[in-house]
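# Understanding the architecture of this molecule
Letter by letter, the chains look like this.
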There are 2 protein chains.
Amino acid sequence: MGERMSRRGLFGLGAAGAAVVGAGVVGANALLDEPPVAHAASTSDPFPFYGEHQAGIVTPAQDRLHFVSFDVTTDKRADLVELLQEWTAAAARLTQGKEAGAFGAVGVPPEAPPDDTGEALGLPASGLTLTIGFGASLFDKRFGLEGKRPAALADLPKFPGEQLIPEISGGDICVQACAHDPQVAVHAIRNLARIGFGKVSVRWSQLGFGRTSSTSRAQATPRNLMGFKDGTNNLKLEDADLLQQQLWAAAQDGSAWMAGGSYVVTRKIRMTVETWDRTSLAEQEQIFGRNKGEGAPLGKKAEFDPLDFAAKGPDGQPYIKVDAHVRLAHPSANGNAHLLRRGYNFVDGSDGLGRLDAGLFFIAYQRDPRKQFVPVQLSLAKNDQLNEYIKHVSSGLFACPPGVRDAGDYWGRTLFE
Amino acid sequence: MGERMSRRGLFGLGAAGAAVVGAGVVGANALLDEPPVAHAASTSDPFPFYGEHQAGIVTPAQDRLHFVSFDVTTDKRADLVELLQEWTAAAARLTQGKEAGAFGAVGVPPEAPPDDTGEALGLPASGLTLTIGFGASLFDKRFGLEGKRPAALADLPKFPGEQLIPEISGGDICVQACAHDPQVAVHAIRNLARIGFGKVSVRWSQLGFGRTSSTSRAQATPRNLMGFKDGTNNLKLEDADLLQQQLWAAAQDGSAWMAGGSYVVTRKIRMTVETWDRTSLAEQEQIFGRNKGEGAPLGKKAEFDPLDFAAKGPDGQPYIKVDAHVRLAHPSANGNAHLLRRGYNFVDGSDGLGRLDAGLFFIAYQRDPRKQFVPVQLSLAKNDQLNEYIKHVSSGLFACPPGVRDAGDYWGRTLFE
Ligand code: HEM
Ligand code: HEM
């Protein structure tokens, strides 16, 4: 009792130990080559916390998610800044596999509550990334931020068919925790909530698993709960030029404090899997425009064969129907708009009507939602055949500031200084 | 399109590939020696489906859970038996890393719905076990089973302080899916629900992670969401004599059809983690009677040091308080009653009051709940200091029949023949 512990130290994992641990959705990690940017060598190793951009955006998607949205309950700007500083210090530790505070879960003095909750003691960093974002509601009088709201953080329009539940939508601040081990992701969010006690309260939170998009060409493409490969034509970390054009905000976009940051849209999309499961294979494949086994474009053979929207089948009709999901969502149909998708599957128990409450927690990063998510989703909401099987039930939009440069910097400093 | 696929075949994992995949809560698997009973060699390998007992009870606890409770909606005994046969055939395939039906997710004909939902294509068996149980409500006139209800399946008494929600309690049939990968566990339950369409409906379902008990001495003890090691003094698969005495039902217990089976109690226990996190370390340790770092009994050094309830500290008081959790729950205080605990942590989003909805989904197997779970829980419900931080919100009790012997056998055959 009372002895300080380093999480990583506990089992003293050597290289051999580290090699077998922490992998999750399987094929993906087994096949992972060394990606070209900053990347944890084994799946339990840490990602660097400091850098130009926040981790958790282009870093190869981990297998588990705990996403939380907080409302700020203090109305003092100084309290909020102090909290962001405390959170940054904790995040710098947590992402490196350490406990949230210097005294840990079993630190001195025993008369005080521990400064870490302890459930991740003995677990490695597990590739944890923590990514913060600021919702439109933060930019109000309380904190004197009215003038700082980026134009790109414009409220999303109402989309046809959506049935949003306000209690699980929006929020002042979001934190996305991704890791290979859910216990590590949950531990991180919980300790941020603990540190924020009295200044923020949890508005909503979402667990996810089986990342539904690859964000690196070194990752095998995972499958969503409709059984299809998801992420084939995603924006990936190898697409250096596109990332500059389409992912990272720049000073000339109008809000200098966001340079190097990005905007994230979250949509909780409920699937009526029971109906989907009674749909024929041919119909399922036409809805997406890709086949189920390989993920190849209809009319082609391999997953990464290029989409050819003009190609016609023996019946004279295009292989990829005019209202197929990949056609409607493709950059060529949306003014060359790309998205970096980073969503997760969810199952939240059952819905009280005898069915599983399951679906996709869609997450997409981009430089300007007005030019990217919004037009794509407007087109999908109007024409996508998939709409018969899905329902958007929550929505979030957050401005994710640039990365924390070093130990003297903090999350959102450019916004407050 | 249309080609049959074997899940394991897809990535052609060799031994080297298999070695790095599928591990979850980390220290545990990294340190796993070869346990003494039937065990998957790597964490992605399958457990045998056929045997004297159902897998998923003493088999080393995997890291992820999807537990489902179904209500039977048909009132025809023949329909129910047919469903159990279909489920057994699917379970025999799924647990071996195959798809739910012979034609798979991309089988012929494309005009029909696939006979697997596809989201586990390419994933290995991941140690999946599927364990079925029958609730008291199944033993009624509908199926002519009134006379077969085991005495040990007596309704649980009302325990002081519990606040059970009927909608997430009970049910006619439960299935516990455990695996190292949540996508695999979810896929299995979903395909059983799909196969049962029109005969059963989902009453409730629960996801869990970070198994909160070790069930083998070869596993490192994991931590629950209060940050303590959980499972130290659990009944374990190495305890051969105790398992015969305390885990497996026998013919002489009164219900011959249950010989080789076991009874499972589930309790969803909500933790008010925010309050817990503001409690001092010393108080947390006194509540359990063990320290937080090592999990050692108070007054001792190492996790597996034996509990000494008589030992007194310098203040003349027992190191382990009279109302400490481990004292109240210990066999010596409960007529030598043991439990095989196999619970999981859960986080179900937030509770609408600014807090995470988190806790322990408690699962315990035993030979006779009247002599095991009930006295232990009565004592805990009355005296455990932990009650200040927890609330039981759901309850389940199911008779888990013996194992399926071979391909000619099915789940529950002894009950129906
Ligand atoms: C439950 C809902 C959804 C499911 C199941 C789903 C599934 C898929 C699948 C299977 C693909 C093909 C593989 C790939 O290239 O990744 C795909 C592509 C894509 N989806 Fe979705 N999607 C959903 C919702 C959305 C939403 C809401 C958006 C954006 C508003 C979106 C944007 C895209 C884009 C941009 C592509 C790539 C198209 C291309 O360039 O080829 N999807 N989606
Ligand atoms: C949220 C609720 C609970 C928590 C956090 C919890 C936690 C713990 C912990 C940390 C230990 C010590 C380590 C170990 O030996 O496993 C323990 C022991 C034990 N618990 Fe619990 N427990 C909870 C509920 C229950 C319930 C409901 C029961 C049964 C009715 C139970 C039965 C036991 C037993 C039998 C032991 C072993 C005692 C011994 O022989 O040393 N626990 N529990």
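Owing to the predicted nature of the structure, the values given are computational and were not obtained by experimental measurement.

Take the site of ligand 2 next. All names here are of chain B. In the vicinity of ligand 2 lie 29 residues, with Gly231, Thr232, Asn233, His325 and Arg341 positioned nearest. In this structure, a nitrogen atom belonging to ligand 2 sits 2.9 Å away from a side-chain N or O atom of His325. Residue Arg341 places a side-chain N or O atom 2.9 Å away from an oxygen atom belonging to ligand 2. Elements with a minimum of two residues in the shell around ligand 2: strand S5 (262–271), helix H8 (325–329), strand S8 (356–366), helix H9 (373–383) and strand S9 (390–400). Residue contributions to the shell around ligand 2 peak at four residues, all from H9. Across the shell around ligand 2, the residue classes break down as 17 nonpolar, eight polar and four charged.

You will see that the iron atom of ligand 2 has only one donor from the protein, His325(B) (NE2), lying 2.1 Å away. Counting through the fold element by element, His325(B) comes out in helix H8.

Now for unusual backbone geometry. Residue and element names in this part refer to chain B. The backbone of Ser126 sits at a positive phi, close to 55 degrees, despite the residue not being glycine. Position of Ser126 among the secondary structure elements: in the loop between helix H3 (77–94) and strand S2 (129–135). A residue is classified by how much of its surface remains accessible, and Ser126, at 1% relative accessible area, is buried. The backbone phi angle of Asn336 is positive, close to 60 degrees, even though this residue is not glycine. Counting through the fold element by element, Asn336 comes out in the loop between H8 and strand S6 (340–341).

Now for the UniProt feature "domain: Dyp-type peroxidase C-terminal" (unreviewed entry) in chain A. When the UniProt feature table is mapped onto this chain numbering, "domain: Dyp-type peroxidase C-terminal" (unreviewed entry) sits at residues 221–404 of chain A. Between the first and last C-alpha atoms of residues 221–404 of chain A the distance is 30 Å; the span itself is 19% helix and 22% strand.

What follows deals with the pairing of S5(B). All names here are of chain B. The buried fraction of S5 is high, at 10 of 10 residues. One ladder, built from 10 bridges, connects S5 with S9; its direction is antiparallel. Pairing of Ile269 across the sheet is with His392, part of S9. Bridge count for S5 against S8 is nine bridges, and the pairing is antiparallel. Paired with Met271 across the two strands is Ala358, which belongs to S8.

Residues and elements named next belong to chain A. Close contacts around ligand 1 come from 29 residues, with Gly231, Thr232, Asn233, His325 and Arg341 the closest. Gly231 places a main-chain nitrogen or oxygen 2.6 Å from an oxygen atom of ligand 1. Taking Asn233, its main chain carries an N or O atom lying 2.8 Å from an oxygen atom of ligand 1. For the shell around ligand 1, the element with the most residues is helix H9 (residues 373–383), which contributes four residues. A breakdown of the residues in the shell around ligand 1 according to their chemical character gives 17 nonpolar, eight polar and four charged.

Under the defined criterion, the tally for this structure stands at 30 aromatic pairs over all chains. For the pair Phe67(B) and Phe361(B), a centre-to-centre distance of 5.5 Å together with 55 degrees between the ring planes defines the contact as tilted. Separated by 294 residues along the polypeptide, Phe67(B) in strand S1 (residues 64–72) and Phe361(B) in strand S8 bring together distant segments of the chain. Just as Phe67(B) is buried, Phe361(B) falls in that class too. Grouping aromatic residues by their ring pairs yields a cluster made of Phe67(A), Trp204(A), Phe361(A) and Phe398(A). In this arrangement the basic side chain of Lys268(B) is found over the ring face of Phe346(B), its NZ or CZ atom lying 4.8 Å from the centre. Cation over ring: Arg278(B) sits above Phe197(A), and NZ or CZ is 3.7 Å from the ring centre.

To continue, consider the packing of helix H3 (residues 77–94) of chain A against helix H4 (residues 182–195) of chain A. Residues and elements named next belong to chain A. Relative to each other, H3 and H4 sit at 155 degrees, their axes nearing to 10 Å. Judged by the angle between their axes, H3 and H4 are roughly antiparallel. The crossing of H3 and H4 is right-handed. Only His187, Ala188, Leu192 and Ile195 of H4 make contact with H3, whose side of the interface consists of Leu83, Glu86, Trp87, Ala90 and Leu94.

Under the UniProt annotation, "domain: Dyp-type peroxidase N-terminal" (unreviewed entry) lies at residues 54–209 of chain A. Segment residues 54–209 of chain A splits into 21% helix and 21% strand. End C-alpha atoms: 21 Å apart.

All right, on to the nonpolar core then. Of all hydrophobic cores here, the largest spans 79 residues; its most connected members are Trp87(A), Leu130(A), Phe134(A) and Leu138(A). Broken down by element, this core gets its largest block of residues, nine residues, from H3(A). Residue contacts for Leu138(A): discarding those within four places in its chain leaves Val72(A), Leu80(A), Phe143(A), Leu145(A), Asp172(A) and Ile173(A). Counting 77 residues, the second largest nonpolar core, distinct from the first, contains Val186(A), Leu130(B), Ala185(B) and Ile390(B).

Take the pattern of salt bridges next. Residue and element names in this part refer to chain A. Going through the model one piece at a time under the given rule, you end up with 41 salt bridges over all chains. The partner of Asp71 in a salt bridge is Arg203, and the shortest N-O contact between them spans 3.1 Å. With Asp71 in strand S1 (residues 64–72) and Arg203 in strand S4 (residues 200–209), the pair connects residues that are 132 residues apart, well separated along the chain. Across the pair Glu417 and Arg413 runs a salt bridge, and its minimum N-O distance is 3.3 Å. We classify Glu417 as exposed; its relative accessible area is 62%. Residue classification places Arg413 among the partly exposed positions, given a relative accessible area of 24%.

For the rest of this paragraph, the subject is the state of the cysteines. The tally for this structure, following the rule as stated, stands at zero disulfides over all chains. In this structure Cys174(A) is a free cysteine whose sulfur lies 5.2 Å from that of Cys400(A), the closest cysteine sulfur available.

All names here are of chain A. Taken as a whole, chain A shows an average pLDDT of 88; of its residues, 89% reach a score of 70 or greater. Segment residues 1–41 is flagged for pLDDT under 50; beyond a separation of four residues in sequence, or across chains, it makes 120 contacts in the model. At the level of chain-chain contacts, confidence expressed as ipTM amounts to 0.87, with global pTM at 0.90.

In this section: the pairing of S1(B). Residue and element names in this part refer to chain B. Of all nine residues in S1, eight are buried; the element is thus mostly enclosed. Direction of pairing for S1 relative to strand S3 (residues 173–179): antiparallel, over a ladder of seven bridges. Looking at S3, one finds that Arg64 is bridged to Ala179. With nine bridges joining them, S1 and strand S4 (residues 200–209) adopt antiparallel strand pairing. Following the sheet pairing, Ser69 is matched in S4 by Trp204.

Conventions and cut-offs
Residues numbered from 1 in each chain as written. Chains lettered and ligands numbered in written order. Predicted model: local features only at pLDDT ≥ 70, side-chain atom pairs only at ≥ 80, totals over all residues. Heavy atoms only, no water. Near = heavy atom within 4 Å. Polar contact = N/O pair within 3.5 Å; in protein donor to acceptor, adjacent residues only side chain to side chain. Helix = DSSP H or I, 4+ residues; strand = E, 2+ residues; numbered from the N terminus. Nonpolar A, V, L, I, M, F, W, Y, C, P; charged D, E, K, R; others polar. Donors = N, O, S within 2.8 Å, 3.2 Å for Na, K, Ca; no water. Buried < 20%, exposed > 50% of the residue type's maximum accessible area, 1.4 Å probe, protein only. UniProt positions renumbered as here; feature names shortened; annotations may be inferred. Pairing = 2+ DSSP bridges. Phe/Tyr/Trp six-rings, centres within 6.5 Å; stacked < 30°, edge-to-face > 60°. Lys NZ or Arg CZ within 6 Å of the ring centre and 35° of its normal. Axes fitted to C-alpha atoms, helices over the stretch in contact; angles between N-to-C directions. Parallel < 35°, antiparallel > 145°, perpendicular 65-115°, else oblique. Left-handed = near helix turned anticlockwise from the far one by under 90°. Contact = heavy atoms within 4.5 Å. Core = buried A, V, L, I, M, F, W, Y, C linked by side-chain atoms within 4.5 Å. Salt bridge = Lys/Arg side-chain N within 4 Å of Asp/Glu carboxyl O. Disulfide = S-S within 2.5 Å. pLDDT = per-residue confidence, 0-100.

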